[in-house]
Amino acid sequence: MADPAKNVHISNRARETNTYDVIVVGSGISGGWAAKEFAEKGFKTLLLERGRNVEHVKDYPTASLNPWEFDHRLVNPEKEKTENPVQSTVYDESNKHFFVSDKDHPYIQNDPFHWIRGYQVGGRSLMWGRQCYRWSDLDFEANAKDGVGVDWPIRYKDIEPWYTYVERFVGISGSCEGLPHLPDGDFLPPMAMNALELRFKDEIKKKFPDRLVTIARLANLSRGWNGRGPCQYRNLCSRGCPFGGYFSSNSATIPVAMATGNLTLRPFSIVAEVLYDKENRQAKGVRVVDTETKESIEFFAKVIFLNASTIASAAILLQSKSDAFPEGMGNGSGQLGRNLMDHHFRIGAEAQYEGLMDQYYVGRRPGGIYIPRFRNVNEATKRKDYIRGFGIQADAERRSWYDTVKHTEGFGKDFKEQLISPGIWTMWMGAWGETLPYEENKVTLDENKTDKWGIPLVKIDFSFRDNEKAMRKDMKESAMEMLHEAGLKNVTGFDYSSVGGDCVHEMGTARMGHDPKTSVLNKWNQLHEVKNVFITDGSCMTSSACQNPSLTYMALTARACDFAVSEMKKGSLG
Ligand SMILES: Cc1cc2nc3c(=O)[nH]c(=O)nc-3n(C[C@H](O)[C@H](O)[C@H](O)COP(=O)(O)OP(=O)(O)OC[C@H]3O[C@@H](n4cnc5c(N)ncnc54)[C@H](O)[C@@H]3O)c2cc1C
Ligand code: SF4
């Protein structure tokens, strides 16, 4: 399709002023890291972000508001759900401003898929749940062992030092447990478990010797760290934290990159395509649409890092068509956009506990407890009905007045006392399951439908298959069984069913692999076919494991930046 914007004349002077060492596309969790790494190493870095700027603290308007200060007391009204059917499944009144409007940012769901997005400086690092777990060789070897998808071109030993490197900057509270398939990290002190969680941990140890209950590993600072925090135990993180108590691009990576004087941050800049220099057989820059002026502008650099997130980075490359790449840049394998994965979840069990009525806890801890994967870990835990596994997030709490009031009638002193007394102990467990890479789960472009900036709409095909369905049955039954065996009462299983995207762990659309015929990226996250373009967001993931993935994006990003720097010094890039 002819695009008049591509014919915009760029003067030589514009080329000079628009030239950097490195361009990073997207300022979320992974892009913030790329910007920090290059700026700290002395490279002039341009960070392009399609959304508005969000400045740490200044732009957190709801951070300290009380529930009664919101028009609808934090409940989304029906109108909101109708107007924003996808994003409103995740936000409420307190953090709505960090999510996109479905109307302004359409995409096509060939199958139901919730593409949850935050278009602003910081991306979804502002609203993420901050659960951080390392992956292990159980994950990196899985595809090769099971004959699924393609083999990861890296193993745990390749990424291990980079996990440590990013953890030391991020600040992750957690407890070392010595579990080979959930490797320990470089942790800040763990947050405390409450009385019922401790009792549950003991009971699980007795009844299920192959299972472990640990405190969640969280990018929330249990003590002051790198000039941020500590966390104040308010559990209002997704509004932005005025104390810098959790890791976001806005609180952590971008300020460090800015302080070097090497970073130029350009918000309101949609990267529409990566520009290819046929003679050098490398990328020369990117074309940006300014969202405010709709002007088309080109920027140039030796190295380009795509960190626009899994679906958006694939879309940018699919849009980057040329004689050399008629199906999109780096898509010689035909795998670009394919193998889209997301974890499946919203399934588990809840129960009540009789006792411990003299126990309470301090503050509102911003995370719970974690039960690492215990299925298909070794021969003894092998399942006949599915491969891979799931981890369980859980927490225990005492019912609050808010719940009590729903079940309490009366008036006077007794009624008041009931309202201000904490209720009984309850426990909730939810499982997060691995999804296999399926070629048919994919992102493509609809060339005939464009958004208001003239960019083709993304189309998504996605479904969970038999392996995920069989796993789900076990996820619910295992949660119920553990609650029951730990002595809780009124155990109820739940399955709210999840469609793709609900878990916001999209991965896989430009997978890493050994072979350019079957994968898009090599072991350094470089496009096999265009060596100065790197992708280090979730697109690069070759399988999905069951652990939350963002820590792995960060570690892969730092590793790829280090490699790119050494290649640039050798003069082999750009
Ligand atoms: C409610 C919630 C809870 C979550 N909990 C966890 C958790 O506990 N643990 C975990 O590991 N992960 C969690 N996640 C997922 C986590 O947020 C993502 O994995 C992570 O943010 C992905 O990082 P990224 O850099 O790939 O993308 P993002 O953080 O989404 O950043 C991408 C950036 O690119 C920009 N962009 C997009 N397209 C373009 C373009 N064409 N041009 C220029 N800029 C562009 C976007 O505006 C955005 O700023 C959660 C997410 C949500 C929403
Ligand atoms: S719980 Fe901690 S990190 Fe979250 S908003 Fe409160 S102080 Fe900040």
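Structure shown above.
An account of the accompanying structure is given in this report. (Residues numbered from 1 in each chain as written. Chains lettered and ligands numbered in written order. Predicted model: local features only at pLDDT ≥ 70, side-chain atom pairs only at ≥ 80, totals over all residues. Heavy atoms only, no water.)

1. Comments concerning the site of ligand 2
- Residues in contact with ligand 2 amount to 13 residues; listed here are only the nearest, Cys231, Gln232, Asn235, Cys237 and Cys241.
- Applying the majority rule of atoms within 2 Å of the grid points places ligand 2 in the largest cavity.
- Residues belonging to the shell around ligand 2 are distributed by class as follows: eight nonpolar, four polar and one charged. (Near = heavy atom within 4 Å. 1 Å grid on protein atoms, 1.4 Å probe; cavity = no way out; pocket = protein on both sides within 12 Å on 5 of 7 lines; lining within 4 Å. Sits in = over half its atoms within 2 Å of the grid points. Nonpolar A, V, L, I, M, F, W, Y, C, P; charged D, E, K, R; others polar.)

2. Describing the site of ligand 1
- In the vicinity of ligand 1 lie 37 residues, with Ser30, Glu49, Arg124, Gly129 and Ser550 positioned nearest.
- Gly123 places a polar main-chain atom, nitrogen or oxygen, 3.4 Å from an oxygen atom of ligand 1.
- Residue Pro549 places a main-chain N or O atom 3.5 Å away from an oxygen atom belonging to ligand 1.
- Protein chains shield 94% of the accessible area of ligand 1, which is 980 Å² for the free molecule.
- Listing elements by their share of the shell around ligand 1, those giving two or more residues are helix 2 (29-40), strand 6 (269-277), helix 9 (310-319) and helix 13 (550-570).
- Across the shell around ligand 1, the residue classes tally to 15 nonpolar, 17 polar and five charged. (Polar contact = N/O pair within 3.5 Å; in protein donor to acceptor, adjacent residues only side chain to side chain. Areas by Shrake-Rupley, 256 points an atom, 1.4 Å probe, with all protein chains shown as cover. Helix = DSSP H or I, 4+ residues; strand = E, 2+ residues; numbered from the N terminus.)

3. Here's the deal with the sheet that holds strand 11 (residues 390-398)
- Spatially, 4-10-11-12-9-15 is the arrangement adopted by the six strands of the open sheet, whose pairing is antiparallel. Bordering the open sheet on either side are strand 4 (214-215) and strand 15 (489-495), each of which pairs with just one other strand.
- Sheet analysis places strand 11 next to strand 12 (residues 425-433), joined by nine bridges and oriented antiparallel. Directly across from Arg398, in strand 12, lies its bridge partner Trp425.
- Sitting on the sheet, helix 7 (residues 195-207) touches strand 9 (344-353), strand 10 (369-371), strand 11 and strand 12, and the angle it makes with strand 12 is about 60 degrees. (Pairing = 2+ DSSP bridges. Contact = heavy atoms within 4.5 Å. Axes fitted to C-alpha atoms, helices over the stretch in contact; angles between N-to-C directions.)

4. Remarks on the pairing of strand 7 (residues 282-290)
- Of all nine residues in strand 7, eight are buried; the element is thus mostly enclosed.
- Here eight bridges tie strand 6 to strand 7, and the two strands are oriented antiparallel to one another. By the bridge assignment for strand 7, Ser269 is matched with Asp290.
- Counted between consecutive antiparallel strands, the loop separating strand 6 from strand 7 contains four residues, among which Arg281 sits at a positive phi close to 55 degrees.
- Taken together, the five bridges between strand 7 and strand 8 (residues 296-306) define a ladder with antiparallel strand orientation. What sits directly across from Val286, in strand 8, is Phe299.
- Hairpin connection between strand 7 and strand 8: a loop of five residues separates the two successive antiparallel strands, and Lys294 in this loop has a positive phi of roughly 65 degrees. (Buried < 20%, exposed > 50% of the residue type's maximum accessible area, 1.4 Å probe, protein only.)

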